[in-house]
Amino acid sequence: MKTILLFGAGKSATVLIDYLIKEAETNKWKFIIADANKEQILSKTNNSPIAEAIEMDITDDDAREAVIQRAHVVISMMPPALHYLIAKDCVENRKHLLTASYVDSKIKSLSDEIKHRKLLFLCEMGLDPGIDHMSAMKIIDDIKFKGGNITSFKSHCGGLVAPESDDNPWHYKISWNPRNVVTAGKAGAEYKINNEVKHKEYAEIFKTCAEVHIDGIGKLAYYPNRDSLSYIPTYKLKSAETFERTTLRYPQFCTGWDTIVQAGLTNDIDAIGTNISFAKWSSSIIPFVNETNKEMLQYLGLFDDVLIPSTAKTSADVLQYLLETKLIMQPHDKDMIVMLHEIEYNNSKIESSLIVKGEDNLRTAMAKTVGLPLGIAAKLILNDVIKLRGLHIPTTKEIYEPVLKELENFGVVFNEKHLPV
């Protein structure tokens, strides 16, 4: 019996679990979910007999390898730092592996072995990275097939709160890993505008966010992602004068978050004292407070005369706690995914946009767009539709064409506008 193994049953796994239960039942496959919290698994599966729930410590080498040996395809929804443990076992036991995370140097070091053992390791197979790669490459390949020369490529994506659930001054609610929100932008950014390479340090990332207009949404701000330049050869766009990948937020978020960054409140290295209040902890922000950001900072509780949690060891821990308590999604709340590709070629411009809204605070747009590409790809591998082998991200037609086609059945549909430059 063909078996899919999923590591991790957290926020982004909900819709993936729904999908794989249905596909396992239809195809008579085995579906195993491993997580440190069995109750969390059972709450996501609704105690379905199709899914086997295993409570385990991912760092337990024997337990991890034993369950991997039972699988044909493994999906890791664990934090990126833990993928390598799973990846090593998948190589050793000749199992295909899928993740939604960026390819790092450790995974790259396994590349030769992956190819030699005729395995497929498909990384960056979520939303961003993931759907962004697939949808962009579909347009890029089509333009090139018609003889077009791409001169500018900008890709924007963001997980936001839907307008009907937008009821706080940050215009933001947590729909994914809150630690990633705290650390966003820390690596700085590199990108290219009009053939000039731009470098932005962390302190500059949120300071002057440019804006785009999204039909049906209005103005959104964006800040540059990490290292855009490394994707130029991946997308085969060496002749493009502009190349930038960014994250979307409502404009007010960037204003408020820049204040927090400038005050050093995202520091995840230096230890903070114990038995101090939020007001004392955040005292470094006082010189940066103004009429524009004051309400936002008060809303987060930065000035409260209440003790910070005893579990918080760094400023980043305190900030994460505040985000999780103050910007939490309520059961009825809906999140929203927005993506926009701006591609210029031969005096023409394509704007390809995607808007996906969640159902509630569990079956979120984030969970749908991160999880479904992984589930669809796992199915296509088991059904021999995807026969590619080696270490890859989803930029080839063999992957993006069938995955994007099935995603349309779940409301993940792009709207294209063709404009003159």
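Up top is the structure.
Residues numbered from 1 in each chain as written. Predicted model: local features only at pLDDT ≥ 70, side-chain atom pairs only at ≥ 80, totals over all residues. Heavy atoms only, no water.

The next subject is the pattern of salt bridges. Counting across every chain of the model gives 24 salt bridges. Residue Glu406 is joined to Lys379 by a salt bridge in which the shortest nitrogen-to-oxygen separation is 2.9 Å. Of this pair, Glu406 sits in helix H16 (residues 397-407) while Lys379 sits in helix H15 (residues 365-382), placing them 27 residues apart in sequence. This pair shows no difference in class: Glu406 is buried, exactly as Lys379 is. Each of Asp215, Glu342, Lys349, Glu351 and Lys417 takes part in a single network of salt bridges with overlapping partners. (Salt bridge = Lys/Arg side-chain N within 4 Å of Asp/Glu carboxyl O. Helix = DSSP H or I, 4+ residues; strand = E, 2+ residues; numbered from the N terminus. Buried < 20%, exposed > 50% of the residue type's maximum accessible area, 1.4 Å probe, protein only.)

Turning to empty space enclosed by the protein, a few remarks are in order. In total, this model carries four cavities of 30 Å³ or more according to the counting rule given. Taken as a whole, the largest cavity spans an internal volume of roughly 60 Å³. Residue lining of the largest cavity: His213, Ile214, Asp215, Leu340, Glu351, Ser353, Asn415 and Lys417, and that is the complete set. Mapped onto the lining of the largest cavity, the elements with two or more residues apiece are strand E10 (210-214), strand E14 (348-357) and strand E16 (415-420). Residues of the lining of the largest cavity, tallied by class, amount to two nonpolar, three polar and three charged. (1 Å grid on protein atoms, 1.4 Å probe; cavity = no way out; pocket = protein on both sides within 12 Å on 5 of 7 lines; lining within 4 Å. Points joined across faces, edges and corners; volume = space filled by probe spheres on them. Nonpolar A, V, L, I, M, F, W, Y, C, P; charged D, E, K, R; others polar.)

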